[in-house]
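Here is how the chains run, residue by residue.
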There are 2 protein chains.
Amino acid sequence: MSVLVVGSMAFDSIETPHGRADRVLGGSAAYFALAAAVFAPVRIVGVVGEDFPEEHLTALSRSGVDLEGLQRAAGKTFFWHGRYHEDLNVRDTLEVQLNVLGDFDPRLPAGYEDTEYVFLGNMHPAAQSEVLSQLKQPRLVACDTMDHWINENPGELRKVLERVETVVINDSEARMLSGHDNIVRAARAILKMGPRAVLIKRGEYGVFQFSDDSTFVVPAYPLEDVLDPTGAGDSFAGAFMGCLAAGGANGDEGLRRAIVYGNVTASFTVEDFGPRRLLTLERGEVDERYRRFVELTRFHD
Amino acid sequence: MSVLVVGSMAFDSIETPHGRADRVLGGSAAYFALAAAVFAPVRIVGVVGEDFPEEHLTALSRSGVDLEGLQRAAGKTFFWHGRYHEDLNVRDTLEVQLNVLGDFDPRLPAGYEDTEYVFLGNMHPAAQSEVLSQLKQPRLVACDTMDHWINENPGELRKVLERVETVVINDSEARMLSGHDNIVRAARAILKMGPRAVLIKRGEYGVFQFSDDSTFVVPAYPLEDVLDPTGAGDSFAGAFMGCLAAGGANGDEGLRRAIVYGNVTASFTVEDFGPRRLLTLERGEVDERYRRFVELTRFHD
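Because the structure is a prediction, the values reported are computed rather than measured.

Draft legend 1. Structural context of empty space enclosed by the protein. All names here are of chain A. Per the stated rule, a full pass over the model turns up one cavity of 30 Å³ or more. As a volume, the largest cavity reaches approximately 30 Å³. What lines the largest cavity is Thr 166, Ala 197, Leu 199, Gln 209, Phe 240, Leu 255 and Ile 259. Those elements that provide at least two residues to the lining of the largest cavity are β11 (197-201) and α9 (252-269). Of the residues assigned to the lining of the largest cavity, the class counts are five nonpolar, two polar and no charged.

Draft legend 2. Structural context of the sheet that holds strand β8 (residues 117-120) of chain A. Residue and element names in this part refer to chain A. Judged by pairing direction, the sheet is mixed, and its nine strands sit side by side in the order β5-β4-β1-β8-β9-β10-β11-β12-β13 without closing on themselves. The two strands at the open ends of the sheet, each matched to only one other strand, are β5 (65-72) and β13 (215-218). Pairs of neighbouring strands in the sheet enclose a mean axial angle of 15°, with direction left out of account. Examined bridge by bridge, strand β9 (residues 140-143) and strand β10 (residues 166-170) share two bridges and lie parallel to one another.

Draft legend 3. Structural context of the interface of chain B and chain A. On the chain A side, the residues contacting the 40 residues of chain B number 40 residues. Interface area for chain B against chain A, summed over the two sides, is near 3,400 Å², with a carbon-plus-sulfur share of 51%. Counting the surface chain B buries against chain A, the share from its top three residues, Tyr 205, Glu 224 and Phe 299 of chain B, is 21%. Applying the counting rule to chain B against chain A returns ten salt bridges. The tally of links from chain B across to chain A stands at 18 residue pairs in polar contact (both at pLDDT 80 or more). Examining the composition of the side of chain B that touches chain A, we find that seven residues originate from one element, helix α11 (residues 283-297) of chain B, more than from any other.

Draft legend 4. View of the environment of Glu 165 of chain A. Residue and element names in this part refer to chain A. Summarising the element assignment, Glu 165 is placed in the loop between α5 (154-163) and β10. Residue Glu 165 is classed as partly exposed on the basis of its relative accessible area of 26%. Through-space distance from the C-alpha of Glu 165 to that of Leu 140 is 6.3 Å; in sequence the pair is 25 residues apart.

Draft legend 5. Examining the sheet that holds strand β2 (residues 10-16) of chain A more closely. Residue and element names in this part refer to chain A. Strands sit in the order β3-β2-β6-β7 across an open sheet of four strands; the sheet is mixed. Two strands bound the open sheet, and with one partner strand each, they are β3 (19-26) and β7 (91-97). Taking the axes of each pair of neighbouring strands and ignoring which way they run, one obtains an average angle of 15° across the sheet. Two elements, β2 and β3, share six bridges in a ladder whose sense is antiparallel. Counterpart to Asp 12 in the pairing with β3 is Val 24. Of the strands in this sheet, β2 and β3 are in contact with helix α1 (residues 28-36), which crosses β3 at around 85°.

Draft legend 6. Representation of the relation of the copies chain B and chain A. Note on the copies: chain B fits chain A at an RMSD of 0.0 Å, the axial shift is 0.0 Å, and the rotation between them is 180°. Here the two chains are linked by the operation of a two-fold rotation axis. With an isologous cut-off of 70% or more, the 100% of interface residues of chain B that recur at the interface of chain A puts this contact in the isologous class.

Draft legend 7. Representation of the pattern of salt bridges. Per the stated rule, a full pass over the model turns up 39 salt bridges over all chains. The salt bridge partner of Glu 130 of chain B is Arg 107 of chain B, with a shortest N-O separation of 3.0 Å. Taken together, the positions of Glu 130 of chain B in helix α3 (residues 125-134) and Arg 107 of chain B in the loop between β7 (91-97) and β8 (117-120) put the pair 23 residues apart, joining distant regions of the chain. The partner of Glu 271 of chain B in a salt bridge is Arg 289 of chain B, with the nearest N and O atoms 3.0 Å apart. A residue pair is termed long-range when its members are at least 10 positions apart, and Glu 271 of chain B in the loop between α9 (252-269) and α10 (276-280) and Arg 289 of chain B in helix α11 qualify at 18 residues. Exposure remark for Arg 289 of chain B: the relative accessible area of 14% places this residue in the buried category. By sharing partners, the salt bridges in this structure join Asp 252 and Arg 256 of chain A together with Glu 295 and Arg 298 of chain B into a single network.

Draft legend 8. A look at the packing of aromatic side chains. On inspection of all chains with the given rule, the structure shows 21 aromatic pairs over all chains. Ring plane angle 20° and centroid distance 6.0 Å describe the contact between Phe 208 of chain A and Phe 210 of chain A, whose orientation is recorded as stacked. Residues Phe 208 of chain A and Phe 210 of chain A agree in their burial class; the two are buried. Members of the aromatic cluster, connected to one another through ring pairs, are Phe 39, Phe 216, Tyr 221, Tyr 261, Tyr 290 and Phe 293 of chain A together with Phe 299 of chain B. Arg 283 of chain A extends its terminal NZ or CZ atom over the ring of Tyr 261 of chain A, reaching a point 5.0 Å from the ring centre.

Thresholds applied
Residues numbered from 1 in each chain as written. Chains lettered and ligands numbered in written order. Predicted model: local features only at pLDDT ≥ 70, side-chain atom pairs only at ≥ 80, totals over all residues. Heavy atoms only, no water. 1 Å grid on protein atoms, 1.4 Å probe; cavity = no way out; pocket = protein on both sides within 12 Å on 5 of 7 lines; lining within 4 Å. Points joined across faces, edges and corners; volume = space filled by probe spheres on them. Helix = DSSP H or I, 4+ residues; strand = E, 2+ residues; numbered from the N terminus. Nonpolar A, V, L, I, M, F, W, Y, C, P; charged D, E, K, R; others polar. Pairing = 2+ DSSP bridges. Axes fitted to C-alpha atoms, helices over the stretch in contact; angles between N-to-C directions. Contact = heavy atoms within 4.5 Å. Buried area = accessible area lost by both parts, 1.4 Å probe. Salt bridge = Lys/Arg side-chain N within 4 Å of Asp/Glu carboxyl O. Polar contact = N/O pair within 3.5 Å; in protein donor to acceptor, adjacent residues only side chain to side chain. Buried < 20%, exposed > 50% of the residue type's maximum accessible area, 1.4 Å probe, protein only. Least-squares fit on C-alpha atoms with pLDDT ≥ 70 in both. Phe/Tyr/Trp six-rings, centres within 6.5 Å; stacked < 30°, edge-to-face > 60°. Lys NZ or Arg CZ within 6 Å of the ring centre and 35° of its normal.

Structure representation (structure tokens):
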């Protein structure tokens, strides 16, 4: 089964203590799609400008991403420039040019409205709602969001949260959205807003999943060389959704397995700059690291 | 088999966003001993002043802690006063009175030198070395340390590290000691200083264990009500060592089991102020939460 992602496509300029990358392929939809494509066919709905090079489209297509829903608008592609601190958990945004993303009106091509697994990437909650209204009978809709929308568009965001099944969100944003510092309380408060499950991304500390039926806590894959954390969260979400779409089973066991696959896939992303590692990532490599992760975390019950 | 802990005994005055406790029983040796005593007989070597109340001694004895090595010196007991921020990972030390701890000269009572499981709590590295010289054939010696000794007595600390089997240390102190931000690199660098294993405590994010043979990463038990984080690290170490002493098996499986027991025991400590919860903690409660932890972390391999 296919996965649909609606979100940003970007040029990213990234600086970390380990180097830099200029105007590389970026955006939540790009990272999500490349990670999900390791597991299942992927459809992107997004927008790029006239400056978006053919090579990026070719790379996405080659990875198994359907680009029928990718709009090309007059103007420039969304641009983000950020710099990470020595502590890679902290970053400064140096420049943002919204460009064609400012007027993005997500339209699903014919046939896309039947997609069963849908991810609403971080974007204006009104745009997320618009996608929701175009869907027929999705099996699982998950969404992400960020501090900007939590602060500036809380009412519209709440409407989205009432309509999605799963929220995938950073720990700092979970705290902001819920008003609770404690992660369990934060997750419980977000559940009350509508979704049936909350997935809280904790960066190098892993993931916390919370629903009425189940709590799951899992560390991140420990890495010796983190070159660039950009896109880790979207890669996590992509692999998570891709794994669910491929497996079909959404029971607790399938969910946990998909979360661990998300974790493991994100660990590849951060080992190189931008989405470079994802472009060549094979399912076999992910499976191998999954098995290694089992070894790293198992203990006797 | 018994566990020996050498470390500080204190009065703590603690302020958190959830309340305060004045001049309660504290110190690394007290927390360690109460946690270890859930699993095995414990011996304390430490020092208190003339102001140390009989009730604390009775409480420790009743929990199964042998106090033969507890010195009572002329003067006042070590005193610490701290305040936690809304984010409980951050605290300010408001006052420290070293008092009798300043002249602490750890002497092992006859018979103690045969103890097989020994923990050198956070104290002057010269005092830690002195304990090491009094031991006969310990099976496992672990030590803790803190920023103060890392910065002020690096040479003496290095000598201790050359002689212990395991280091149990906070993540921030592991970074300081090693000069590496990355946790895997930090652990690898500390191994090079002598110990065969490093246990890095990550607070609410769990524990990372690293040795030449094995890497183990485990999240913390997720809690909804953290009242006071004081003593969590020492409770972890106490339960870890107590579990090893009780189990006898130091193989990889036994080590991981002891780490998880340490994690789970520390989760009780932080649910009340000071060591209050530890004073009534029963092995059955810890076992129950261990089983719950298995449920919270298991996934299909």
